[in-house]
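Chain and residue survey
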Amino acid sequence: MNNRDRENRTALDGDDEGQDFGLEDDSGAVIAAVGRQIKLWREAAGMRAAELGTAIGYSENLVFKVEGGRRIPKPEFLDRTDAAVGAGGKISAMKQDVEEARYPKKVRDLTKLEAEAVELGSYAGGVIDGLLQTEEYARALYRERRPAYSEGDIERLVAARMARQVVFDRRPAPLLTFVQEESTLRRRTGGRMILRRQLEHLLELGQLRHVEIQVMPMEAEEHAGLGGSHRILKLKDGKTVGLNEIQLISGLITDPRQVQILEMRYNLIRSQALTPRLSREFIEKLLGET
C-alpha cells in the first residue's frame, strides 16, 4: 500500500473507496451541506477535483465522494482543503459540525443524556449493554443485523458506541449500575475469544468504584424485567427519564407515571439479581468455562 492509499483510508470514515455510507437522519443533510461548500470553494479557486486531490494528498474519487455527501471527512481533510482553496478558515470551521454529524442523531441524543446523568441504571436482556461492550463485540453484533449494514455503516456505528463510553471517565463520576441476563454472558457472539475478552472487560469495569454489574441468573424464579430491556437516567436537574428498548423502536420516556413504573421495575430487578460480589464470581466462573 503506497502513501496515497494509506492517507485515503485514514482521512475518511469507512473501509474502501467503493463503499458509500448510508447516512441517516440529519447527519446526511449536514455532511451534504459541507460537501457542497467544499465544491463551491474548489470551483471558486478554479481547481478541478483531481487538482484538489493532488494538492491535499487524496484521490480524485474521494474528493468527489466528500463533495457528494457520501463520505465523512476527518479534520485533516478539511484543514488541508481550507488551505488549498484559500477559504481562510471557513472550511476548517466546519469541523465541529462534521464531528457531531459523524454519529447517528439517536446516538448523539443518548450521549447528551448520559452526560447529564448523575445515576444511570440499565437492564439488558438480549445483548450485553452498549456501554459495557468491547469494540470487537459491538462490531460482531452489527455484523449480525438484517438487513445487513455496509462495512462503512458498521464502522460508523461501532465508533459511535465506543464514543459513548466516555461516561465512565466523567468527573464527578455518575453511579452506573447494570443488570445483565445470564444468557447474554453465555452467547458466543462473534466467537469464543470475543466472548472471553468481553467477559474480561466486564470484570475490569466492575472494579471501578462507581460501577456495579449484576447478573440475572436463568434459574431465578422471580423476574420483574420480562417486559424487556430498559434504562433509567437520573439527571443533574433532578429529573428522571426512562428509555425503553425493543425491536426497531427505542423511545425516550418522560411521563412521570411511566418513568416511575420503569424505575420500580428496575429496582425490583436489582433486588432479584445476584449481588455485585456474587455476580463477579459468576462471571469469573463463566470465563473459566469459555
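Higher on the page you've got the structure.
Summary of the structure given here. All values reported here derive from a predicted model rather than from experimental measurement. Each chain has its residues counted from 1, running along the sequence as written. Totals for whole chains, interfaces and linings use every residue, but because this is a predicted model, local features are given only for residues with pLDDT of at least 70 and side-chain atom pairs only at 80 or more, for both listing and counting. Processing note: side-chain calculations cover all non-hydrogen atoms of the structure and skip hydrogens and water entirely.

1. A closer look at the packing of aromatic side chains
In plain terms, the rule: Classification of ring pairs uses Phe, Tyr and Trp, with its six-membered ring standing for Trp, and accepts pairs whose centres are within 6.5 Å; under 30 degrees between planes counts as stacked, over 60 as edge-to-face, and the remaining range as tilted. Put simply, DSSP H or I for four residues or longer makes a helix, DSSP E for two residues or longer makes a strand, and each gets a number counted from the N terminus. The cut-offs for exposure are 20% and 50% of the maximum accessible area for each residue type, with area from a 1.4 Å probe on protein chains only; residues under the lower value are buried, those over the upper are exposed, and the others partly exposed.
Scanning the entire structure with this criterion turns up three aromatic pairs. Pairing Y58 with F77 gives two aromatic rings, centres 5.3 Å apart and planes at 25°, and the pair type is stacked. In this pair, Y58 is assigned in the loop between α3 (49-56) and α4 (60-67) and F77 in helix α5 (residues 75-85), connecting sequence segments 19 residues apart. Owing to a relative accessible area of 0%, F77 belongs among the buried residues under this scheme.

2. Brief notes about α4
Residues of α4 that are buried include every one of L62, V63, K65, V66 and E67, and no others. Count one or two residues on from α4 and you reach G69, which has phi positive near 75°.

3. Observations concerning the side chain of T177
Using the following cut-off: Pairs of residues are marked as contacts when any of their non-hydrogen atoms sit within 4.5 Å.
Along the chain, the position of T177 falls in strand β2 (residues 175-181). Since its relative accessible area comes to 1%, T177 is described here as buried. Look past the residues within four positions of T177 in its chain and what remains in contact with it is L120, G121, S122, E212, Y266 and R270.

4. Notes on the environment of Y58
Heads up, the condition is: Polar contacts, as counted here, are pairs of nitrogen or oxygen atoms within 3.5 Å of one another; within protein the pair requires one atom able to donate a hydrogen and one able to accept it, and residues that are adjacent in sequence qualify only if both atoms are side-chain atoms.
Its relative accessible area of 2% is what places Y58 among the buried residues. When the C-alpha atoms of Y58 and F77 are compared, they prove to be 8.6 Å apart, with 19 residues separating the residues in sequence. Among the polar contacts made by the side chain of Y58, one reaches the side chain of R80 at a distance of 2.9 Å.

5. What to know about the packing of α3 against α5
Selection rule: Each axis is a line fitted through C-alpha atoms, and for a helix only the stretch in contact is used; angles between axes span 0 to 180 degrees, taken between their N-to-C directions. Here roughly perpendicular refers to angles of 65 to 115 degrees, roughly parallel to angles under 35, roughly antiparallel to angles over 145, and oblique to all remaining angles. If you view the pair so one helix is near and one far, a crossing is left-handed when the near helix is turned anticlockwise from the far one by less than a right angle, and right-handed when it is turned clockwise. In the scheme used here, Gly and all other residues not listed as nonpolar or charged are polar, with Ala, Val, Leu, Ile, Met, Phe, Trp, Tyr, Cys and Pro taken as nonpolar and Asp, Glu, Lys and Arg as charged.
α5 packs onto α3 with a crossing angle of 115° between their chain directions and a minimal axis gap of 9 Å. In terms of axis orientation, α3 runs roughly perpendicular to α5. Of the two elements, α3 crosses α5, and the hand of that crossing is right-handed. Contacts from L52, A55 and I56 of α3 reach α5 at F77, R80, T81, A84 and V85. Tallied by class, residues from the contact of α3 with α5 come to six nonpolar, one polar and one charged.

6. Remarks on the pattern of salt bridges
The criterion, for reference: One side-chain nitrogen of Lys or Arg within 4 Å of one carboxyl oxygen of Asp or Glu is enough to make a salt bridge.
Inspection of the entire model under this criterion finds 18 salt bridges. A salt bridge links E263 to K234; its shortest N-O distance comes to 3.1 Å. You can see E263 sitting in helix α12 (residues 256-272) and its partner K234 sitting in strand β4 (residues 230-235), a full 29 residues away along the chain. Linked through salt bridges whose partners overlap, the residues forming this network are E114, D129, R164 and R231.

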